[in-house]
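Residue strings, one per chain:
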Amino acid sequence: MATEGIAGNLQLGGQYSVSDLVKAMLVLSSNRAAMAVADSYGFPQFVEKMRVKAVSLNMAQTDLIEPTGLSSGNQSTIGDLEKLISYIYKNHPEIFVITRQKTVVLSELAKNRSEEFLNINAFAQSRNDFWGGKTGYTDQAGGNLITIFEHEGRKLLFIVLGTDDRFGQTDLLYNWAKRAFSFN
């Protein structure tokens with residue numbers, strides 16, 4: 001199965017801070033980092049926490065069976081994703097700060113080795129109005145992208161699912177919204 005994201009050069013058996021693993025998940029879409037966090041917490045307990053959080057956010061059309069998003073058993077809707085993004089926006093805006101960084105540094109603690117990586121989100125590399133977001137891809141789901149832009153003092157959320165050109169499609173929607181709506 002084709003998947004997005006690099007391991008971030010995470011070494012099997014390496015020691016990383018949870019903070020660095022979260023950066024690897026958000027900026028590099030590292031499935032290895034997601035599994036490391038889940039395994040350190042206890043895989044079944046971690047997945048159950050994910051489900052409990054989804055229920056608490058009233059994400060009634062979301063099913064979660066593992067933390068990477070690679071399984072076709074993980075399903076959601078645009079409406080439920082909007083609920084999650086709204087929660088993160090209000091309660092954990094630091095997540096968006098991480099996702100808009102052009103680069104992140106990951107440190108392997110046991111070997112005292114650090115390496116810098118570019119954000120795989122093209123908007124983080126090229127757009128000053130990019131406020132944050134998350135990429136996703138599998139063969140079955142196609143390309144997915146959640147993006148927040150800041151335009152005329154307002155945050156605009158775009159969710160694109162199942163496309164071969166998620167950045168282009170998001171750009172089309174964003175440019176249309178800027179033309180179609182008055183933000184005064």
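Residues numbered from 1 in each chain as written. Predicted model: local features only at pLDDT ≥ 70, side-chain atom pairs only at ≥ 80, totals over all residues. Heavy atoms only, no water.

Asker: Explain the overall build of the chain to me, please; I cannot follow it from the model alone.
Answerer: The helix and strand inventory of the chain stands at seven helices and five strands. Counting helices and strands in the order they occur from the N terminus, the chain gives α-α-α-α-α-β-β-α-β-β-β-α. Reported as C-alpha extents along the three principal axes, the dimensions of the chain are approximately 55 × 35 × 35 Å. Expressed as a percentage of its 184 residues, the buried residues of the chain come to 40%. Of all intrachain contacts in the chain linking residues separated by at least 6 positions in sequence, the fraction that spans at least 24 positions is 45%. For the chain, the exposed area adds up to about 10100 Å²; of that, 53% sits on carbon and sulfur atoms. In the chain, the 18 positive side-chain charges and the 19 negative ones have mean positions that sit 5 Å from each other. (Helix = DSSP H or I, 4+ residues; strand = E, 2+ residues; numbered from the N terminus. Buried < 20%, exposed > 50% of the residue type's maximum accessible area, 1.4 Å probe, protein only. Contact = heavy atoms within 4.5 Å. Areas by Shrake-Rupley, 256 points an atom, 1.4 Å probe, with all protein chains shown as cover. Lys, Arg positive; Asp, Glu negative; His and termini not counted. Charge placed at Lys NZ, Arg CZ, Asp CG, Glu CD.)

Asker: Help me out: how do you make sense of the environment of Asn121 in this one?
Answerer: Among the secondary structure elements, Asn121 is positioned in the loop between β2 (113–118) and α6 (122–126). The class for Asn121 is buried, based on a relative accessible area of 2%. With 26 residues separating them along the chain, Asn121 and Thr147 place their C-alpha atoms 9.7 Å apart. Not counting chain neighbours up to four residues away, the residues in contact with Asn121 comprise Phe130, Gly133, Lys134, Thr135, Leu145 and Phe167.

Asker: I tried to follow helix α4 (residues 78–91) on my own but got confused; where do I start?
Answerer: Here α4 spans 20 Å end to end across 14 residues, near enough to the 20 Å set by a 1.5 Å rise per residue. Where α4 is concerned, the buried positions are Asp80, Leu81, Ile85 and Ile88. For α4, the angular spread of the buried residues around the axis is 140 degrees, confining them to a single face. In this structure, the buried residues of α4 make contact with α5 (94–99), β4 (142–151) and β5 (154–163). (Expected span 1.5 Å × (residues − 1). Arc of directions from axis to C-beta.)

Asker: In this structure, what is going on with unusual backbone geometry? I would like to understand it.
Answerer: One non-glycine residue, Ser29, adopts positive backbone phi at about 55 degrees. Secondary-structure assignment places Ser29 in the loop between α1 (18–28) and α2 (31–41). Residue classification places Ser29 among the buried residues on the basis of a relative accessible area of 8%.

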